[in-house]
Amino acid sequence: MAHMFFRARCWAPVLGALAAASTPAWSQSITDNLAIHGYLTQGYAIADSHQIVGIPKGGTFDYRRAAILLRFKGSPNDAFVVQLANRDLGDSPTNALTSEVQLDWAFYERRLGSKTTLRIGKEPIPMGIFNETRYVGTLLPFYRAPFGFYEEGSFTSETLNGIVLTRQITPASRWKLSGSVFGGEFDYLQSGTVQTSQDAPPTFIVTSANAKNVIGAQLWLQTPVTGLRVGLGGDRRDDYGEFFGNTPTTHGSKDWWASADGNFGRLTTRAEFRQLIFSQGGTRVWSYYGQVGYRILDALTVNLQRDVIDLNYRTQSGDLHIPYDRDNALGINYAFAPNIIAKFEVHNAKGFAVEEPVDVLGGAPLRSNYLITSLSVAF
Amino acid sequence: MRMRMVGGALLAIVVMGASRAPDVRVVVIVNSANRTSTMRREQVAKIFLRQLATWEGGAEILPVDQIERSSARIAFARDVQLETVKALKVYWQQRIFSGDESPPPERVTDSDVLTYVRSNSGAIGYVLEGTDLGTGVKALVVTETARDATAVSTHS
């Protein structure tokens with residue numbers, strides 16, 4: 001009971017204390033070699049009909065992400081980084097399979113010469129614009145990184161157990177090219193409605209899974225246009241788990257994505273496209289989004305987002321195209337400081353990305369509206 | 001170290017302030033044992049973004065910042081880093097929470113910065129122009145366009 005009380009109530013004073021502490025003094029290194037940083041986003045979220053990403057009809061204050069990051073620098077070329085994290089997704093059934101506090105990152109970083117960095121351990125995957133900072137509310141235009149591209153709770157992992165090698169390929173050019181390659185494995189959750197045939201009743205499941213033999217890469221090209229960069233990446237992996245209710249089996253998948261990220265003073269624009277192809281069954285997932293943000297006043301920004309997921313199931317009678325999710329969002333952010341930001345956002349969703357049994361193959365898409373209001377701090 | 005002034009573009013460490021700290025200038029300082037006497041503005045800016053990590057010879061560069069609200073910090077950000085303190089704060093959040101470098105340590109006063117630089121042979125900092133530097137610290141000449149400054153090795 002005490003544990004539940006802590007989960008539900010005790011983050012408000014923590015948030016207040018962190019906001020008060022988000023001063024330069026807190027940004028200091030404890031010593032010149034040890035730095036401690038952290039972030040916290042506390043939200044309230046409510047949906048009007050169907051539960052989406054843990055947001056229930058009754059509303060929830062259990063909408064939060066927080067982390068403490070420690071970076072110890074052994075020398076100019078060596079560092080060790082540890083991050084502990086807490087994430088709550090409201091009433092999401094994925095909460096049952098995640099721990100209250102988790103060891104998010106633990107990696108050793110080695111600089112190899114002036115342009116190359118090697119990370120070994122559990123480190124963030126260099127994927128797209130947001131993956132490495134996807135839970136840092138002060139760096140996101142909305143509460144979460146676009147759901148279709150990055151997912152949350154299930155079918156995603158921010159991190160990888162393995163290695164990441166990053167190199168500045170043409171750092172001095174007007175076209176600055178950098179690239180990362182990564183390899184390893186990660187655990188994740190699978191969730192969704194299981195329907196083995198069009199006649200069977202659907203059920204909603206959440207299961208543990210893992211991805212092995214992950215190999216991937218991410219390229220970024222900084223263009224001569226100030227503030228504009230474009231990216232391209234991809235990976236392949238072998239998935240192990242009860243995928244969509246089958247008995248434990250192995251599935252391979254291939255994934256590629258493209259990104260455009262523009263920051264032009266008051267105007268911010270982003271777009272990303274991703275395609276995931278499963279080797280067994282031929283299922284394809286396309287997700288893409290577009291974001292536009294405009295800073296009306298120094299502290300006030302308006303953001304718009306269109307987020308889409310499409311599925312293509314290969315059935316015996318042919319391919320079945322499913323408009324899995326359409327999420328349109330409008331958000332307003334107020335930055336008390338660059339590291340203290342309040343957000344209010346409304347979403348209109350249509351599709352099957354709900355946490356309840358749905359007839360994905362034959363049913364009509366479900367409509368739901370939800371709102372999230374949140375306060376983010378970082379130090 | 002060889003030094004060439006291109007077009008007389010010697011910024012002399014410092015630049016006039018404009019908006020928020022109109023009359024404030026800063027002086028870039030290093031430990032007096034440091035053999036470097038001149039650097040390009042861009043190099044100094046990169047040091048404070050942790051994009052240059054070692055002095056020529058391999059010693060670690062130890063930049064020290066001032067707190068955000070200090071006049072010296074505002075002037076340094078504007079005139080040497082060519083950014084606002086707010087924009088730099090966002091930049092550092094990106095770096096920190098990607099698991100990357102942390103920003104330089106901050107000191108509250110010019111005196112604190114002088115103490116730090118005096119105590120660390122690889123240190124570099126800045127103080128308000130006119131501050132008595134005392135012993136063990138020297139001012140750097142910061143040029144805008146000198147092309148042959150080789151005091152530091154690139155470490156981006």
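Residues numbered from 1 in each chain as written. Chains lettered and ligands numbered in written order. Predicted model: local features only at pLDDT ≥ 70, side-chain atom pairs only at ≥ 80, totals over all residues. Heavy atoms only, no water.

**Topic: the overall build of chain B**
Summing up its helical and strand segments, chain B has four helices and 10 strands in all. Taken from N to C terminus, the helices and strands of chain B fall in the order β-β-α-β-β-β-α-α-β-α-β-β-β-β. When the 156 residues of chain B are sorted by exposure, 53% land in the buried category. For chain B, the proportion of contacts with a sequence separation of at least 24, taken over those separated by at least 6, is 74%. Carbon and sulfur atoms provide 52% of the accessible area of chain B, an area that totals close to 6,800 Å². (Helix = DSSP H or I, 4+ residues; strand = E, 2+ residues; numbered from the N terminus. Buried < 20%, exposed > 50% of the residue type's maximum accessible area, 1.4 Å probe, protein only. Contact = heavy atoms within 4.5 Å. Areas by Shrake-Rupley, 256 points an atom, 1.4 Å probe, with all protein chains shown as cover.)

**Some thoughts on the pairing of strand β16 (residues 366-378) of chain A**
Residues and elements named next belong to chain A. Looking at chain direction, strand β1 (residues 34-47) and β16 are connected through nine bridges and run antiparallel. Looking at the pairing, Gln42 lines up with Leu375 of β16. Examined bridge by bridge, strand β15 (residues 340-351) and β16 share 12 bridges and lie antiparallel to one another. Within β16, the position partnered with Glu345 by the bridge is Ile372. (Pairing = 2+ DSSP bridges.)

**Details of the pairing of strand β3 (residues 78-89) of chain A**
Residue and element names in this part refer to chain A. Taking burial as the measure, the 12 residues of β3 include nine buried ones, the bulk of the element. Inspection of the sheet shows strand β2 (residues 60-75) paired to β3 by 12 bridges, in the antiparallel sense. The residue bridging Arg64 from the neighbouring strand is Asp88, located in β3. Between the end of β2 and the start of β3, which pair antiparallel, lie two residues.

**Digging into the pattern of salt bridges**
If you walk through the whole model with that rule in mind, you get 27 salt bridges over all chains. As a salt-bridge pair, Asp62(A) and Arg64(A) come within 3.1 Å of each other at their nearest N and O atoms. The exposure classification of Asp62(A) matches that of Arg64(A), with both residues buried. Taking the shortest distance from any N to any O, the salt bridge between Lys73(A) and Glu60(B) comes out at 3.6 Å. Here Glu60(B) lies in the loop between β3 (54-55) and β4 (62-63) and Lys73(A) lies in strand β2, a pairing that spans two chains. Note on Lys73(A): relative accessible area 11%, which makes it buried. Overlapping salt bridges bring together Lys73(A), Arg111(A), Glu60(B) and Glu101(B) as one network. (Salt bridge = Lys/Arg side-chain N within 4 Å of Asp/Glu carboxyl O.)

**Digging into helix α3 (residues 85-96) of chain B**
One turn of the α-helix equals 3.6 residues, which is why residues spaced by three or four share an orientation. Under the 1.5 Å per step criterion, the end-to-end length of α3(B) is 16 Å for 12 residues, consistent within 8% with the ideal 16 Å. Within α3(B), the full set of buried residues consists of Val85(B), Leu88(B), Lys89(B), Trp92(B), Gln93(B), Arg95(B) and Ile96(B). Buried residues along α3(B) cover an arc of 160° about the axis, so they all sit on one side. The inward-facing, buried residues of α3(B) contact β1, β2 and β16 of chain A together with α1 (41-48) and α2 (71-79) of chain B. (Expected span 1.5 Å × (residues − 1). Arc of directions from axis to C-beta.)

**Regarding the interface of chain B and chain A**
At the interface, 27 residues of chain B touch 35 residues of chain A. A combined buried area of about 2,700 Å² lies between chain B and chain A, and 49% of that area is made up of carbon and sulfur atoms. Linking chain B to chain A there are four salt bridges. Close ionic contact of Lys73(A) with Glu101(B) constitutes a salt bridge, the shortest N to O distance being 3.6 Å. Put simply, chain B and chain A have eight residue pairs in polar contact (both at pLDDT 80 or more) between them. Among the elements of the structure, α3 and β6 (106-107) of chain B are those that each provide at least two residues to the side of chain B that touches chain A. The leading source of residues in the side of chain B that touches chain A is α3(B), at six residues. Of the residues that constitute the side of chain B that touches chain A, the class distribution is eight nonpolar, nine polar and 10 charged. (Buried area = accessible area lost by both parts, 1.4 Å probe. Polar contact = N/O pair within 3.5 Å; in protein donor to acceptor, adjacent residues only side chain to side chain. Nonpolar A, V, L, I, M, F, W, Y, C, P; charged D, E, K, R; others polar.)

**Details of the environment of Ala106(A)**
Here Ala106(A) shows up in strand β4 (residues 102-112). Considering only alpha carbons, one finds Ala106(A) and Pro124(A), 18 residues apart in sequence, at a separation of 9.7 Å.

**Observations regarding the sheet that holds strand β7 (residues 123-128) of chain B**
Sheets are built from strands paired through backbone hydrogen bonds, the pairs being either parallel or antiparallel. Residues and elements named next belong to chain B. Pairing within the open sheet is mixed, and its four strands lie in the order β4-β7-β1-β8. Taken across any chain shown, the strands that pair with only one partner, and hence form the sheet edges, are β4 and β8 (137-139). Where strand β1 (residues 26-31) lies against β8, three bridges are found, and the strand directions are antiparallel. When the sheet's bridge partners are listed, Asn31 is paired in β8 with Val137. With respect to the sheet, α1 is in contact with β1, β4 and β7, its orientation differing from that of β7 by roughly 110°. (Axes fitted to C-alpha atoms, helices over the stretch in contact; angles between N-to-C directions.)

**Details of α2(B)**
Across the nine residues of α2(B), eight count as buried, placing the element largely inside the fold. Those residues of α2(B) not exposed but buried are Ala72(B), Arg73(B), Ile74(B), Ala75(B), Phe76(B), Ala77(B), Arg78(B) and Asp79(B).

**Overview of empty space enclosed by the protein**
Unfilled space is identified by rolling a water-sized probe across the atoms. Residues and elements named next belong to chain A. Applying the stated rule across the entire model yields eight cavities of 30 Å³ or more. Estimates place the volume of the second largest cavity at around 170 Å³. Around the second largest cavity sit 17 residues that line it, and Met127, Ser157, Phe186, Arg237 and Arg274 are the ones nearest its centre. For the lining of the second largest cavity, the elements supplying multiple residues, two or more each, are α3 (147-150), β7 (176-194), β9 (228-241) and β10 (249-264). (1 Å grid on protein atoms, 1.4 Å probe; cavity = no way out; pocket = protein on both sides within 12 Å on 5 of 7 lines; lining within 4 Å. Points joined across faces, edges and corners; volume = space filled by probe spheres on them.)

**Brief notes about the nonpolar core**
Among soluble globular proteins, nonpolar side chains are generally buried collectively. Residue and element names in this part refer to chain A. Counting residues in each nonpolar core, the largest one holds 25 residues, and the members touching the most others are Ile55, Tyr63, Leu311, Tyr370 and Ile372. Mapped by element, the contributors of at least two residues to this core are β1, β11 (267-278), β13 (300-315), β14 (318-337) and β16. Ranked by the residues each element gives to this core, the list is headed by β13, at three residues. Excluding residues within four positions of it along the chain, Leu311 makes contact with Arg284, Val285, Trp286, Leu320, His321, Ile322 and Tyr324. (Core = buried A, V, L, I, M, F, W, Y, C linked by side-chain atoms within 4.5 Å.)

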